[in-house]
Amino acid sequence: MTAAYDEALRVDELGDADSRDGALMAALDRPRTQHMGDIVGTIQREQDAIIRGALAGTLVVQGGPGTGKTAVALHRAAYLLYEHRNRLAKSVVLIVGPNARFLDYISQVLPSLGEDSAVLVTPGTLVPGIRATATDAPAAAEFKGRLDIVPALKQAVRAYEVPSEGARVLHPAGMKPLTLDAALLRRVRTRGRAGGVAHNRGRPQFEKALLTEILRLEDAEHGESSMEDWERRADWAEDPAVQELFDELWPILDAVEVVRDLFADPQRLDRAFPRLDPALRANLLRSREHPLTVADVPLVDEVAELVGEDPRPSAASRARAQADRLTDVAYAQHVLDMVGDVDAHEDDEAAPVSIVAAEVLADRQVLGDDRTPAERAMHDREWVYGHVIVDEAQETSPMLLRALIRRCPTRSMTLVGDEHQYTSTDAPFTWAGLLDEQAPRWRREDLTVNYRTPGRILRLATGVLRRVEPDAPEPASARDGEHEPKVVRVAPAELGEATARATTEALADTAEAAGTVGVIAPLALLGSLREVRASEAARAASEGVEERLWVGTPDEAKGLEFDAVVVAVPPLPAPHAVSQATWKRLYVALTRPTQRLTVVEAVDAIG
């Protein structure tokens, strides 16, 4: 026996919320840890209906902060993996979270439910081998997220294919120079693009077409050769000058390098986007050494589709594999011959040796891929998933959605989020605006009860949201809470010190229950919390327990929750001059606590 709850089973016994569902109230009041737990014992009716929804199609789960969107999404993943095991255990579920801290926070939910056929990524790690954490200016990120960037990316790739219209002079070893005029190069480029193959896959076609033209020029210059055509092609292909020409006119491209070139080379950028606003152009241009941004990753994925894999290593690999197999078969035959010789000398009473074909014996020695489907999927950009779940999906750009649909062409997806917490830009967000063009048959379910944030805190937060969305609904809170939110006003110069004091107090207030504390502040203010963070780290290390303190920005706090939250508000201009995204970030910050909230604001900040 670990707990007992007295549930009211008759209508006339129903009183306040606490008496209606004791198990739920106990779960809501339980101290939080660094990792989310499952909600199997407290799933509510509206949540259960969503969890058990059909696998097919795109489902949007709209819910305000604290309505259980993330928990519902993860339990839906577990339910679908159980209900459709034959399909999803092999094809795997892809879960996309907003940041690495969030993925760590939810990482134990599915294993606790007995499921491991899922891959967890962020938008910055969607493409295997890439870990993008840098961010663009909002205008640049929004521009990169538009679908109309796709034709420009196609043009950017085509610009590498015989990039100049001028003639080329080939200087082969031991021969007179050969002139390849512009018309010849255009013919070769057309043949390289034949069939609409990806750029890198078109390289063999291009090489074959260029060698054909070189042989024609050689015949015109020296008369027809007595050598076989394939011999002449092989000789020319090995000439350093020809190899250099191959690489110059049709280079093998890497998707990351193409994206780097596009935003580092003003000429390439201007060719791809000839009518850019000067301010936006300045935001897009950067050095080649600049790290990839999160908004770059869908572009890298798109370019990877356009360029394809280099076919030459795979051809060489197939040749090596074929040669290795011949060696293995020969060795296996040798073993069988030896066994046969031994068997021939055994007496008649000996058990006969079971002989198998050399090919079968060789195949038995080949090491198989013993990775799980999820382990294979996380390293394969072209893996097709059975279902995709996206948390904080309101921040999904059209280009990111395109990349996700590429991974799940059936559009079997669950998108959970809150249109009122959209902070990428000041533009209004709607689910229809995101989905109608690429997943038009989507359906929507709403979560309406806030299980995280006490009502007295949620009322304060909703007042902030209604500064920019006057008609925004306030989710009904499952409980009103015991602690009034505290607002501490200080001079701007004292904001960092006051935030540190409030953090220390919050740690003390939650110490008995070992509750978690989240401090949400602008990036520039986080340094002022260095001492209190070091003190908490030292305490946790000495006691051999997890730290109870988390510090980050409003964007980093999305999806997280803490027993106590301290929100630092820097000086803001007049309310009408504050951007919508800023107000919504503040709304996100104010809705993270499960018990206590302290707001530390500069005196000329909001009232």
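The protein has the name AAA family ATPase in an unreviewed UniProt entry, where Agromyces agglutinans is given as its organism.

S.K.: Requested: an account of the UniProt feature "binding site: ATP" (unreviewed entry) in the protein, with residues and values cited.
M.R.: Taking the UniProt record as the reference, the feature "binding site: ATP" (unreviewed entry) is found at Gly63, Gly64, Pro65, Gly66, Thr67, Gly68, Lys69 and Thr70. Restricting the annotated residues just mentioned to those that line the largest cavity leaves Thr70. Within the element layout of this structure, proline 65 appears in the loop between strand 1 (58–63) and helix 4 (69–83). For proline 65, the residues in contact, after removing those within four places along its chain, are Asp418, Gln421, Asn450, Arg452, Tyr587, Thr591 and Arg592. Examined against the element boundaries, threonine 67 turns out to sit in the loop between strand 1 and helix 4. For threonine 67, a relative accessible area of 0% puts it in the buried group. Apart from residues no more than four positions distant in its own chain, threonine 67 is found in contact with Gln47, Leu447, Thr448, Val449, Asn450, Tyr451 and Pro475.

S.K.: How would you explain the packing of aromatic side chains if you had to name every residue and give the values?
M.R.: Going through the model one piece at a time under the given rule, you end up with six aromatic pairs. The ring of phenylalanine 263 has lysine 144 sitting right over it, with the charged end atom 4.4 Å from the ring centre.

S.K.: Can you explain a negative patch on the surface? Please cite residues and give values.
M.R.: On the surface, Glu228, Glu231, Asp235 and Glu238 cluster together to form a negatively charged patch. Tracing the backbone through its elements, the reader meets glutamate 238 in the loop between helix 12 (229–237) and helix 13 (240–249). Residue glutamate 238 is classed as exposed on the basis of its relative accessible area of 58%.

S.K.: Tell me about the sheet that holds strand 15 (residues 593–602), and please be specific about residues and values.
M.R.: Pairing is parallel in the open sheet, where five strands are placed in the order 11-15-14-12-13. Strands at the two margins of the open sheet, each flanked by one partner only, are strand 11 (486–490) and strand 13 (549–552). Averaged over neighbouring strand pairs, the angle between their axes works out to 15° when direction is ignored. Here strand 12 (residues 517–520) runs beside strand 13; their pairing, made up of four bridges, is parallel. Looking at the pairing, glycine 518 lines up with tryptophan 550 of strand 13. Each of strand 11, strand 12, strand 13, strand 14 (562–569) and strand 15 is contacted by helix 24 (residues 495–509), which is oriented at about 160° to strand 15, the strand it contacts most.

S.K.: Explain the nonpolar core residue by residue, including any values.
M.R.: Residues Leu94 and Phe273 are the most contacted members of the largest nonpolar core, which totals 62 residues. The element best represented in this core is helix 17 (residues 296–307), accounting for seven residues. Val468, Val565, Val569 and Trp583 belong to the second-largest nonpolar core, a separate cluster that totals 49 residues.

S.K.: Give a detailed account of the packing of helix 14 (residues 255–264) against helix 17, specifying residues and quantitative values.
M.R.: Across the interface, helix 14 lies against helix 17 with an axial gap of 8 Å and an inter-helix angle of 120°. With respect to helix 17, the element helix 14 is oriented oblique. Relative to helix 17, helix 14 is oriented so that their crossing is right-handed. Between helix 14 and helix 17, the residues in contact are Ala255, Val256, Val258, Val259 and Phe263 and Asp296, Leu299, Val300, Val303 and Ala304, respectively.

S.K.: Before we move on, can you summarise the pairing of strand 15 with the specific residues and values?
M.R.: Of all the 10 residues making up strand 15, nine are buried; the element is thus mostly covered by neighbouring parts of the structure. Bridge count for strand 14 against strand 15 is seven bridges, and the pairing is parallel. Each residue of the ladder has a partner; that of phenylalanine 562, found in strand 15, is proline 593. Crossover handedness for the path strand 14 to helix 27 (residues 580–590) to strand 15: right-handed.

S.K.: Now, about the environment of threonine 58: what can you tell me, with residues and values included?
M.R.: Relative to the assigned elements, threonine 58 resides in strand 1. When its relative accessible area of 3% is taken as the criterion, threonine 58 is described as buried. Along the backbone, threonine 58 and tryptophan 442 are 384 residues apart, and their C-alpha atoms lie at a distance of 4.7 Å. Residues within four places of threonine 58 in sequence aside, it is in contact with Arg411, Met413, Leu415, Ala439, Arg441, Trp442 and Arg443.

S.K.: Before we move on, can you summarise the pairing of strand 12 with the specific residues and values?
M.R.: Along strand 12, one buried face is formed by Val517 and Val519 and the opposite face, lined by Gly518 and Ile520, is buried too. Handedness of the crossover joining strand 12 and strand 13 through helix 25 (residues 530–543) is recorded here as right-handed. In this sheet, strand 14 lies alongside strand 12 in parallel orientation, the contact comprising four bridges. Its bridge partner lying in strand 14, valine 517 is registered against alanine 564.

S.K.: Describe the side chain of arginine 189, and please don't skip the residues or the numbers.
M.R.: Position of arginine 189 relative to the elements: it lies in helix 10 (residues 182–192). Judged by its relative accessible area of 14%, arginine 189 is buried. A distance of 3.3 Å separates a polar side-chain atom of arginine 189 from the backbone oxygen of valine 162. If we skip the residues at most four places from it in the chain, arginine 189 touches Glu161, Val162, Glu165 and Trp250.

S.K.: Lay out helix 12 with the relevant residues and their values.
M.R.: Listed as buried for helix 12 are Arg232, Arg233 and Trp236. Taken around the axis of helix 12, the buried residues stretch over an arc of 100°, which confines them to a single face. Packed against the buried residues of helix 12 are strand 4 (168–170), strand 5 (178–180), helix 11 (203–222) and helix 13.

S.K.: Before we move on, can you summarise unusual backbone geometry with the specific residues and values?
M.R.: The backbone of arginine 411 shows a phi angle near 60°, a positive value even though the residue is not glycine. Locating arginine 411 in the fold gives a position in the loop between helix 21 (398–407) and strand 7 (413–417). With relative accessibility at 30%, the residue arginine 411 sits in the partly exposed group.

Conventions we followed
- Residues numbered from 1 in each chain as written.
- Predicted model: local features only at pLDDT ≥ 70, side-chain atom pairs only at ≥ 80, totals over all residues.
- Heavy atoms only, no water.
- UniProt positions renumbered as here; feature names shortened; annotations may be inferred.
- 1 Å grid on protein atoms, 1.4 Å probe; cavity = no way out; pocket = protein on both sides within 12 Å on 5 of 7 lines; lining within 4 Å.
- Helix = DSSP H or I, 4+ residues; strand = E, 2+ residues; numbered from the N terminus.
- Contact = heavy atoms within 4.5 Å.
- Buried < 20%, exposed > 50% of the residue type's maximum accessible area, 1.4 Å probe, protein only.
- Phe/Tyr/Trp six-rings, centres within 6.5 Å; stacked < 30°, edge-to-face > 60°.
- Lys NZ or Arg CZ within 6 Å of the ring centre and 35° of its normal.
- Patch = residues over 30% accessible without salt bridge, like charges linked within 9 Å, V, L, I, M, F, W, Y side chains within 5 Å.
- Areas by Shrake-Rupley, 256 points an atom, 1.4 Å probe, with all protein chains shown as cover.
- Salt bridge = Lys/Arg side-chain N within 4 Å of Asp/Glu carboxyl O.
- Lys, Arg positive; Asp, Glu negative; His and termini not counted.
- Charge placed at Lys NZ, Arg CZ, Asp CG, Glu CD.
- Pairing = 2+ DSSP bridges.
- Axes fitted to C-alpha atoms, helices over the stretch in contact; angles between N-to-C directions.
- Core = buried A, V, L, I, M, F, W, Y, C linked by side-chain atoms within 4.5 Å.
- Parallel < 35°, antiparallel > 145°, perpendicular 65-115°, else oblique.
- Left-handed = near helix turned anticlockwise from the far one by under 90°.
- Right-handed = clockwise from strand over helix to strand, strands pointing away.
- Polar contact = N/O pair within 3.5 Å; in protein donor to acceptor, adjacent residues only side chain to side chain.
- Arc of directions from axis to C-beta.

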